[in-house]
Amino acid sequence: MEITNNYTFHGELSVPGDKSISHRSIMFGAIADGLTEVTNFLQGADCLSTISCFRNLGIEIENNRDKILIHGKGLHGLHASDHTLDVGNSGTTTRLISGILAGQPFQTTLNGDASIQKRPMKRIFTPLSAMGARFESLNANDCAPFTIYGGQLHGIHYDSPVSSAQVKSAVLLAGLYADGRTSVTEPVLSRNHTELMLSGFGAKITSSGTTASIEPEPNLNGQQIQVPGDISSAAYFIALGLITPNSEILIKNVGVNPTRDGIIQAALAMGGNLTLLNQRTVSGEPVADILVKSSSLHGASIGGDLIPTLIDELPVIAVMAAFANGTTTITDAQELRVKESDRIAVVTENLSAMGGNITPTEDGMIIQGGVPLHGAYIHTYLDHRIAMSFAIAGLNADGNTTFDDPNVVTISYPSFFEDIEKLTR
Ligand code: S3P
């Protein structure tokens, strides 16, 4: 894969289904009674890891590409897997499934790739242990591989030190199996797909401010779910349309849940010309088409409560900042250090290699924009969002940009390079 500049980008595209919502559709469908049908499911490696884990726990899942059929067996229908569950590269699979497995009367071992083996799991071990499950990290480093010893759980109130939908969701899912009400309070509200979708399945779940609460042992019923396009995937085309001169892109069917739409707020704050069209609700989630036109961007300050709403988009926002006039400062984003890679270090390494002016900080980065970029060899560190962000940079940099592992985009966006090709003029 080699990327060069001097193109413009025109036309419409539909990005693949939302990764967070696709994972949840499999998990909730597996523990609901009856059939769950999912359309526009993300056929990315992460979501396929979730399917394979639930098949190993005894759930029949038909993957017909355009429609997924999950034959749910109810809250107590899972059975022990006779081998280690492979979570691949997926933090969402690992943390959410742990909440469900904490409430099972059997033990399960989870393992994944070199990236997942470095990701912090203490953040779920702590609350799930307080509820009565037991965890053993096999390398004694609070990472995967680890074994979960599930059992009877107790309802708790958990004050989470991090705004993490994965932590919140793990605790709420464990709460389905507890002996009383379970609630989680987080510092800033993180994405609320679990609350919305579990409620659609029939769970007794309520939200107030940054606290979500769930009652145990509901009757979950199979649902029909239409997954909206992933705003985290749309973000690359928002950035591409804004920074490339003479370009106009219509991104159709994008989920614009307010707990996920920070990329839109950030692009507007940087002077981006983008418009939401045809706003509607699909399967309980707000959806819109996004029209993006080339813009003269300026720097902005991005921090505080906005961060959880754009946490996965910060690498591509850093790329946008490199093409904006003036300084962009990203703060309060220390969570970037524990994603698929240390995204503060890895964005700094790659943007610097392209000639960008970036200073990493403990909880973010400072980018002086407007310095012309040149092509470089990009180190992806098993991180799909690094590959896609620097592909967008490469399309606007002098010379060639190449990647150690372009295939890593299959984690969340298998047709990423083909979709760019389709818009290229
Ligand atoms: C996700 C939550 C976020 C996000 C990840 C998906 C989810 O992680 O970065 O890509 O689906 O719940 P954290 O919970 O670690 O913030």
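Relevant structure appears above.
My aim in this report is to walk through the structure given alongside it, one point at a time.

A pair can form between side chains of opposite charge whenever their charged atoms are brought close. What the rule picks out here adds up to 17 salt bridges. Here R119 and E340 are joined by a salt bridge, their closest N and O atoms 3.9 Å apart. Note that R119 is positioned in the loop between β7 (107-112) and α4 (122-130) and E340 in the loop between β19 (327-330) and α10 (343-353), a separation of 221 residues in sequence. Taken as a pair, R119 and E340 share a single burial class, namely buried. Here K168 ties to E195 by a salt bridge, and the two come within 2.8 Å at their closest N and O atoms.

For the rest of this paragraph, the subject is the layout of surface pockets. Approximately 620 Å³ is the volume attributed to the largest pocket. Of the residues contributing to the lining of the largest pocket, the split by class is nine nonpolar, 11 polar and 16 charged.

Inspection of α10 places R343, I344, V346, V347, T348, N350 and L351 among the buried residues, and these make up the whole buried set. Residues of α10 that are buried sit in contact with α9 (314-322), β20 (357-361), β21 (364-368), β22 (377-378) and α11 (384-394). Where α10 starts, the residue carrying a side-chain oxygen 3.1 Å from the main-chain nitrogen of I344 turns out to be D342.

If you trace the four strands from one edge of the open sheet to the other, you get β4-β5-β3-β14, paired in mixed fashion. Since the sheet does not close on itself, it has two edges, and those belong to β4 (60-63) and β14 (224-226), each with one partner. Averaged over all adjacent pairs, the angle separating strand axes in this sheet is 15°, with direction ignored. As paired strands, strand β3 (residues 33-39) and strand β5 (residues 67-73) are joined by seven bridges and run antiparallel to one another. Residue L35 lies in a different strand from β5, and its bridge partner there is H71.

Next up on the list: the packing of α11 against helix α12 (residues 416-423). In the contact formed by α11 and α12, the axes pass within 11 Å of each other and the chain directions differ by 25°. Between α11 and α12, the interaxial angle falls into the category roughly parallel. For the pair α11 and α12, the crossing hand works out as right-handed. Note on element contacts: α12 touches α11 through F416, F417 and I420, opposite M388, A391 and I392. Looking at the contact of α11 with α12 residue by residue, the classes come out as six nonpolar, no polar and no charged.

What counts and what doesn't
- Residues numbered from 1 in each chain as written.
- Predicted model: local features only at pLDDT ≥ 70, side-chain atom pairs only at ≥ 80, totals over all residues.
- Heavy atoms only, no water.
- Salt bridge = Lys/Arg side-chain N within 4 Å of Asp/Glu carboxyl O.
- Helix = DSSP H or I, 4+ residues; strand = E, 2+ residues; numbered from the N terminus.
- Buried < 20%, exposed > 50% of the residue type's maximum accessible area, 1.4 Å probe, protein only.
- 1 Å grid on protein atoms, 1.4 Å probe; cavity = no way out; pocket = protein on both sides within 12 Å on 5 of 7 lines; lining within 4 Å.
- Points joined across faces, edges and corners; volume = space filled by probe spheres on them.
- Nonpolar A, V, L, I, M, F, W, Y, C, P; charged D, E, K, R; others polar.
- Contact = heavy atoms within 4.5 Å.
- Polar contact = N/O pair within 3.5 Å; in protein donor to acceptor, adjacent residues only side chain to side chain.
- Pairing = 2+ DSSP bridges.
- Axes fitted to C-alpha atoms, helices over the stretch in contact; angles between N-to-C directions.
- Parallel < 35°, antiparallel > 145°, perpendicular 65-115°, else oblique.
- Left-handed = near helix turned anticlockwise from the far one by under 90°.

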